[in-house]
Amino acid sequence: ISRLYGYDNFEDNLPSPLAPGKLNQIQKAERKLRVSLCNAGLQEVTTFTLVPDEQKNMNMIAIKNPLLKETSHLRTTLLTELIKVGQRNINSGKKSCWIYEIGHIFEKQKENILQKQLLSGIISGEKRLESWTTSGKPTRISYYQARGILASSLMSLNLSITDQPYNQSQSELLHVGKSSNLILEGKKIGIFGQIHPSIAEEHNLPNETYIFELELTPILSSATRKNKWNIIFKEYIST
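The model shown is predicted, which means the values in this text are computed figures rather than measured ones.

J.: Quick one: what's the story with the overall build of the protein chain, residue by residue and with numbers?
T.: A count of helices and strands for the protein chain gives six helices and ten strands. Principal-axis analysis of the C-alpha atoms gives the protein chain an extent of 65 × 65 × 40 Å. Burial statistics for the protein chain: of 239 residues in total, 38% are counted as buried. Relative to all contacts within the protein chain whose residues are 6 or more apart in sequence, the contacts with residues 24 or more apart total 57%. When the accessible surface of the protein chain is summed, it comes to about 15,900 Å², and 52% of that surface belongs to carbon and sulfur atoms. Across the protein chain, the mean location of the 29 positive side-chain charges is 5 Å away from that of the 23 negative side-chain charges.

What follows is the structure, given as structure tokens:
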């Protein structure tokens, strides 16, 4: 930007006075959420924005000059790449893979391009440092344990997110009988559930693998209102 604008157009002196930078309430809420997810045992990862073409998905946006076939389109979900990360971890000998990502997806919407920021993650396998309590035998994490991990992460923002029945036609990734829609303030903001057995078998993942994907914008918007954790103080006026 500086090269195009021209270095000679910049003033020699720094702005006066210099004010310290700070985070706005949305940024503070997002940082608070990241810390809560890490405290719950999930590790943050970053996957590629460019992905291969999916013939079934007509909403994908193609790149005009792709370098590779595998990076020819913009992603429409974070879960596909996160599942691959889980597969690589399990295949390398790891007993578990608890990860999350906050990133953008891109979809066609008539003649426009729709961009959304999502929070997605995968909870696969048990995560503990010892195995003597079970005589060395592995234990599988249950649906409610995995759901509790996500709930405890969102609890730091003081949000009330409820579960509603999941519709099979929504996604081929989830097990119908062990999945739910996540509702915030009467609106659906995401999904949570056990991965479909066929997907688990295809990627060599445990059947007790759970995934979630939520829209981040309504979460941060709700969390930063005055009646949430962001307390607004008013000047006391005596009468």
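Next, the rest of the story.
J.: Account for the nonpolar core, naming residues and giving values.
T.: Core analysis: the largest hydrophobic core is formed by 29 residues, its most contacted members being Leu119, Phe192, Phe212 and Leu214. The set of elements that each furnish at least two residues to this core consists of helix H2 (25–39), strand E5 (97–109), strand E6 (112–124), helix H4 (143–154), strand E8 (174–184), strand E9 (187–195), strand E10 (209–215) and helix H6 (216–223). Considering every element that reaches this core, the biggest residue donor is H4, with five residues. Other than its neighbours up to four places away in sequence, Phe212 contacts Leu42, Leu79, Tyr100, Leu119, Ser120, Gly121, Ile122, Ile123, Leu150, Ile191 and Phe192.

J.: Tell me about the pattern of salt bridges, and name the residues and values.
T.: Per the counting criterion, the structure on display carries eight salt bridges. Here Glu44 ties to Arg34 by a salt bridge, and the two come within 2.2 Å at their closest N and O atoms. Of this pair, Glu44 sits in strand E1 (residues 43–44) while Arg34 sits in helix H2, and the two are ten residues apart along the sequence. Between Asp163 and Arg147 there is a salt bridge, and its shortest N-O distance comes to 2.9 Å. Here Arg147 lies in helix H4 and Asp163 lies in strand E7 (residues 161–165), a separation of 16 residues in the sequence. The structure contains a network of salt bridges with shared partners spanning Glu30, Arg34 and Glu44.

J.: Account for the packing of H2 against H6, naming residues and giving values.
T.: Closest axis-to-axis distance for the H2/H6 pair is 9 Å, and the angle between their directions is 110°. Considering their axes alone, H2 and H6 lie roughly perpendicular with respect to each other. Along this stretch, H2 crosses H6, giving a crossing that reads as right-handed. Contacts between H2 and H6 involve Ile26, Ala29, Glu30 and Leu33 from the first element and Leu216, Leu220 and Ser221 from the second. A class-by-class count of the residues in the contact of H2 with H6 yields five nonpolar, one polar and one charged.

J.: Could you give me a rundown of unusual backbone geometry, with the residues and numbers involved?
T.: The phi dihedral of Glu185 is positive, around 55°, even though this residue is not glycine. For Glu185, the location among the structural elements is in the loop between E8 and E9. We classify Glu185 as partly exposed; its relative accessible area is 48%.

J.: I'd like to hear about the sheet that holds strand E2 (residues 50–51), residue by residue, with values.
T.: Spatially, three strands are ordered E2-E4-E3 in an open sheet, and the strand pairing comes out antiparallel. Edge positions in the open sheet fall to E2 and strand E3 (61–62), since each of these has one partner strand only.

J.: Quick rundown of the side chain of Ser180? Include the residues and the values.
T.: Here Ser180 shows up in strand E8. According to the relative accessible area criterion, Ser180 is buried, its value standing at 5%. Within the structure, Ser180 has its side chain in polar contact with the side chain of Tyr143 (distance 3.2 Å). In terms of polar contacts, Ser180 uses its side chain to reach the side chain of Asp163, at 2.8 Å. In this view, Ser180 contacts Tyr143, Asp163, Gln164, Tyr166, Gly190, Ile191 and Phe192; residues no more than four positions away in its chain are not counted.

J.: Account for the environment of Ser160, naming residues and giving values.
T.: The topology assignment puts Ser160 in the loop between H4 and E7. The sequence separation of Ser160 and Ile183 amounts to 23 residues, and the corresponding C-alpha distance is 8.6 Å.

J.: Hey, could you go over the layout of surface pockets for me, with residue numbers and the actual values?
T.: Within this model, the largest pocket holds a volume of roughly 1,100 Å³. Along the wall of the largest pocket there are 34 residues; nearest its centre are Glu54, Thr77, Thr80, Ser171 and Leu173. Those elements that place two or more of their residues in the lining of the largest pocket are helix H3 (79–91), E5, E6, E9, helix H5 (197–202) and E10. Top element by residues in the lining of the largest pocket is H3. It accounts for five residues. A class-by-class count of the residues in the lining of the largest pocket yields 13 nonpolar, nine polar and twelve charged.

Analysis parameters
Residues numbered from 1 in each chain as written. Predicted model: local features only at pLDDT ≥ 70, side-chain atom pairs only at ≥ 80, totals over all residues. Heavy atoms only, no water. Helix = DSSP H or I, 4+ residues; strand = E, 2+ residues; numbered from the N terminus. Buried < 20%, exposed > 50% of the residue type's maximum accessible area, 1.4 Å probe, protein only. Contact = heavy atoms within 4.5 Å. Areas by Shrake-Rupley, 256 points an atom, 1.4 Å probe, with all protein chains shown as cover. Lys, Arg positive; Asp, Glu negative; His and termini not counted. Charge placed at Lys NZ, Arg CZ, Asp CG, Glu CD. Core = buried A, V, L, I, M, F, W, Y, C linked by side-chain atoms within 4.5 Å. Salt bridge = Lys/Arg side-chain N within 4 Å of Asp/Glu carboxyl O. Axes fitted to C-alpha atoms, helices over the stretch in contact; angles between N-to-C directions. Parallel < 35°, antiparallel > 145°, perpendicular 65-115°, else oblique. Left-handed = near helix turned anticlockwise from the far one by under 90°. Nonpolar A, V, L, I, M, F, W, Y, C, P; charged D, E, K, R; others polar. Pairing = 2+ DSSP bridges. Polar contact = N/O pair within 3.5 Å; in protein donor to acceptor, adjacent residues only side chain to side chain. 1 Å grid on protein atoms, 1.4 Å probe; cavity = no way out; pocket = protein on both sides within 12 Å on 5 of 7 lines; lining within 4 Å. Points joined across faces, edges and corners; volume = space filled by probe spheres on them.

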